[in-house]
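Observations on the model geometry
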Amino acid sequence: MVKKIWFIALFICALSTLAQNLVGTIPLHFYSKTNCFEIVDDTKSQLALCLQDAERIRVIRITPQFQRRDSLVQERPSKEFKGIMGYTVQDNQYTLYWTSGEKDKLGCQVFDFNTGKTAFSTLPYVLGKEKVVAKINAHGKLYVVSCLKNESVLTIRTLEGPKITQNKIDLTGKTFLNYEGKRVSFWEMMDDTNALQQVPYFQFIDDETPPSLVLAAMFRKSYIDGDTLIFTFDNNDSGTQLLAIQLTDFSYIQKLYPQPYVERPAEATYYPIPATSFYFEKQIIQLKGKSDRLMITHRAFDGTILKSWEIVQDQEIGFKNTEIIQENGSINSTRVLDKSNQLIRKINNLYPSISCFRHGERIVLTIGGVSEVKESHMFGPMFGLIGAAIDLAINSYSNDNFNSYVNRKIVYVSGVFDNEFNALNEPRVHSSFDRFREFIEGKRIDKAVMFTLGSSLYLGAQVKGMDGYSFYEFKN
């Protein structure tokens, strides 16, 4: 076993050396207390860096060769505007949205690379008793979803350049179940929390990078599938609740996907059973645990069961293409578990998780469990955080995805499947995200951004010991 672990470690080191490529370095001056984030225009495969300091905002566009293309600068808005809450980009026009202390408007800061001009205006933005539960960038727009407190009325505000529109969705009378199975309002269902997801907010899942088991373990998740906004809820272990909203006309449908029945102890008034799900290409993959097994159900969007698998105590895992791995706060601190019993026990004692990502004509399915963040000496210092110092209310899925692994215990096993979810006897795909994690481990970096262009994953950062601002490519 020791020889096997050493071989795996040496193989990973060799892959890490070959897998990343320094593709460009630019001179870039950062003023005091500068925040940095990336904006990618997918329609043009155009990367831009946005740099914010106390006096100015700079938007710098980068060429495909990772050199500086051009830039626009605008003064920071007045102190009435507290911070950037989102952005859009359409036709070479970059728009930043600023929250206001008056809570009735947004600042709208435009950088127009077609004309070389900048502008600032305000937009009406009155939340009142509404609470924002999701912010999602898609199709060159920013969708802000809010819910009226204690009710079942959603408002979707669509920001597109210097314009804002809003649509209401009244879910009053619709059935939503809380963690105990009681019928509640949408807001009351949102108010179910645990130590992993402590606020009434949806964790957005993107296909930009393979979703971490930590993000996938959240029991409120959101997805974009074409023109459809998907919300899923796994707060109740009897089934997965789904709300699908069509962003073209704001119609919606509800679904409930039952989970296998597991009997609770007779003496318990409430006893949570490990259960979770993942939405993938108009399909639902569900995971549920009991003391001697894990049950996986693959459903079509209409609820039809397409396949099911079980991981049973004292039996081999039929679909696995990897060892059972336990990470102890770091990708470089791992342990191989020998038996399915250990996987079952650990998932049942952690937050259960299941995730999928596509790699060409293959689908990689990973199941596992994650702990809460452990702030202790056993996990070591928090090196290699991506964008951790950014004090902005901006969603950065890839940054959050990477950072979510830090200082947690994670147990997982993976399998490779074809498009019909038939298990394949092939090595697990070593993704660009895996290589990224290996490369960044233990490095001291600053002003870091993480993004996808084409089929490759990229890191932009000031790396200790390197001059300038460097870009690294990680190919699948």
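Presented here is a report on the structure given in the accompanying data block. Here the residue index of a chain counts from 1 through its sequence in written order. Per-residue local features of the predicted model are confined to residues with pLDDT of at least 70, and side-chain atom pairs are confined, for both listing and counting, to 80 or more; whole-chain, interface and lining totals are unaffected and use all residues. Where side-chain values are given, they derive from all heavy atoms of the structure, hydrogens and water being excluded.

Quick notes on the overall build of the protein chain
Put simply, the test is: Only DSSP runs of H or I reaching four residues or more are called helices, and only runs of E reaching two or more are called strands; each is numbered from the N terminus. In this setup the radius of gyration rests on C-alpha atoms only. A globule is expected at 2.2 Å times the number of residues raised to 0.38. For the exposure calls, accessible area comes from a 1.4 Å probe over protein chains only, and a residue counts as buried if that area is under 20% of its type's maximum, exposed if over 50%, partly exposed in between. What makes two residues a contact is simply this: any of their non-hydrogen atoms within 4.5 Å. Only the protein chains shown count as cover for residues, and all accessible areas are computed by the Shrake-Rupley method using a 1.4 Å probe. Positive: Lys, Arg. Negative: Asp, Glu. His and the chain ends are not part of the count. A single reference atom marks each charge: NZ on Lys, CZ on Arg, CG on Asp, CD on Glu.
Per the secondary structure count, the protein chain includes six helices and 33 strands. Taking 2.2 N^0.38 as the reference for a compact globule, 476 residues should give roughly 23 Å; the C-alpha atoms of the protein chain span a radius of gyration of 23 Å, in line with that estimate. The C-alpha extent of the protein chain, read off along each of the three principal axes, is 65 × 60 × 40 Å. Residue burial in the protein chain is summarised as follows: out of 476 residues, 55% are buried. Nonlocal contacts in the protein chain, meaning residues at least 24 apart in sequence, comprise 52% of its contacts between residues at least 6 apart. When the accessible surface of the protein chain is summed, it comes to about 21,500 Å², and 49% of that surface belongs to carbon and sulfur atoms. Positive and negative side-chain charges of the protein chain, numbering 54 and 53 respectively, have mean locations separated by a distance of 3 Å.

A closer look at the sheet that holds strand S32 (residues 456–463)
Operational definition: Strand pairing is defined by DSSP finding a minimum of two bridges between the two strands. Note on geometry: axes are C-alpha line fits, over the in-contact stretch for helices, and angles between N-to-C directions span 0 to 180 degrees.
In spatial order, the strands read S1-S33-S32-S31; together these four strands make up an open sheet with antiparallel pairing. Each edge of the open sheet is held by one strand with a lone partner, namely strand S1 (20–26) and strand S31 (445–453). Recorded for the sheet is a direction-independent mean angle of 20° between the axes of neighbouring strands.

Things to note about the pairing of strand S24 (residues 305–312)
In terms of strand pairing, strand S23 (residues 293–300) meets S24 through seven bridges, oriented antiparallel. When the bridges of S24 are listed, His 298 appears paired with Lys 307. In sequence, S23 turns back onto S24 through a hairpin of four residues, with Gly 303 there showing a positive phi of about 105°.

Examining the side chain of Arg 220
Just so we agree on the cut-off: Salt bridges are defined by distance alone: a side-chain nitrogen of Lys or Arg within 4 Å of a carboxyl oxygen of Asp or Glu. Polar contact criterion, stated in full: a pair of N or O atoms within 3.5 Å, where within protein one must be able to donate a hydrogen and the other to accept it, and residues adjacent in sequence count only if both atoms are side-chain atoms.
Topologically, Arg 220 is positioned in strand S17 (residues 220–225). Asp 192 provides the closest opposite charge to the buried, unpaired Arg 220, separated from it by 6.4 Å. A polar contact of 2.5 Å, which involves the side chain of Arg 220, links it to the backbone oxygen of Val 199. In contact with Arg 220, other than residues within four places in its own chain, are Met 189, Met 190, Asp 192, Thr 193, Gln 197, Val 199, Pro 200, Tyr 201, Phe 202, Gln 203, Thr 232 and Phe 233.

Some details on the sheet that holds strand S9 (residues 117–124)
Taking strand neighbours across the sheet as the criterion, the four strands line up as S6-S7-S8-S9 in an open arrangement whose pairing is antiparallel. Looking at strand neighbours, the two that pair on one side only are strand S6 (81–90) and S9, the edges of this open sheet. Recorded for the sheet is a direction-independent mean angle of 25° between the axes of neighbouring strands. As paired elements, strand S8 (residues 105–112) and S9 share eight bridges and run antiparallel to each other. Bridge pairing in S9 links Phe 111 to Thr 118.

Focus: unusual backbone geometry
For Lys 33, which is not glycine, the phi torsion reads 55° and is therefore positive. By the element assignment, Lys 33 lies in the loop between S1 and strand S2 (35–41).

Overview of helix H6 (residues 432–440)
Residues lying three or four places apart along an α-helix face the same way, a consequence of the helix completing one turn every 3.6 residues. Judged by how many residues are buried, H6 sits mostly within the fold: nine of nine residues are covered. Burial in H6 covers these residues: Ser 432, Phe 433, Asp 434, Arg 435, Phe 436, Arg 437, Glu 438, Phe 439 and Ile 440. Trailing H6 by a residue or two, Gly 442 shows a phi angle of about 80°, which is positive.

A short note on the packing of aromatic side chains
As a reminder, the rule being used: Aromatic pairing here means that ring centres of Phe, Tyr or Trp (its six-membered ring) are within 6.5 Å. Orientation follows from the plane angle: under 30 degrees is stacked, over 60 is edge-to-face, and everything else is tilted.
Counting across every chain of the model gives 26 aromatic pairs. Consider the rings of Phe 30 and Tyr 469, whose centres lie 5.9 Å apart with planes at 45°: the pair is tilted. Here Tyr 469 lies in strand S33 (residues 469–474) and Phe 30 lies in the loop between S1 and S2, a separation of 439 residues in the sequence. Summarising the burial analysis for this pair, Phe 30 and Tyr 469 share the class buried. For the pair Tyr 223 and Tyr 279, a centre-to-centre distance of 5.4 Å together with 50° between the ring planes defines the contact as tilted. Of the two residues, Tyr 223 is situated in strand S17 and Tyr 279 in strand S21 (residues 275–279); the sequence distance between them amounts to 56 residues. By the burial criterion, Tyr 223 is buried, and Tyr 279 matches it. In this structure an aromatic cluster arises from ring pairing among Phe 30, Phe 66, Phe 451, Tyr 458, Tyr 469 and Phe 471.

Here we look at the environment of Thr 88
Of note, Thr 88 is situated in strand S6. Residues Thr 88 and Ser 470, 382 residues apart in the sequence, show an inter-C-alpha distance of 25 Å. With sequence-adjacent residues up to four places away left out, Thr 88 is seen in contact with Gln 93, Tyr 94, Thr 95, Tyr 97, Asn 137, Gly 140, Lys 141, Leu 142, Leu 159, Glu 160 and Gly 161. A polar contact of 3.1 Å, which involves the side chain of Thr 88, links it to the side chain of Tyr 97. Here the side chain of Thr 88 touches Gly 161 through a polar contact of 3.3 Å, landing on its backbone nitrogen.

Notes on the pattern of salt bridges
For the coordinates displayed, the defined rule picks out 15 salt bridges. In this structure, Asp 292 engages Arg 293 in a salt bridge whose closest nitrogen and oxygen atoms are separated by 3.2 Å. A residue is classified by how much of its surface remains accessible, and Arg 293, at 21% relative accessible area, is partly exposed. Between Asp 446 and Lys 447 there is a salt bridge, with the nearest N and O atoms lying 3.2 Å from each other. What makes Asp 446 partly exposed here is its relative accessible area of 33%. When salt bridges that share partners are traced, they join Asp 53, Glu 55 and Arg 56 into one network.

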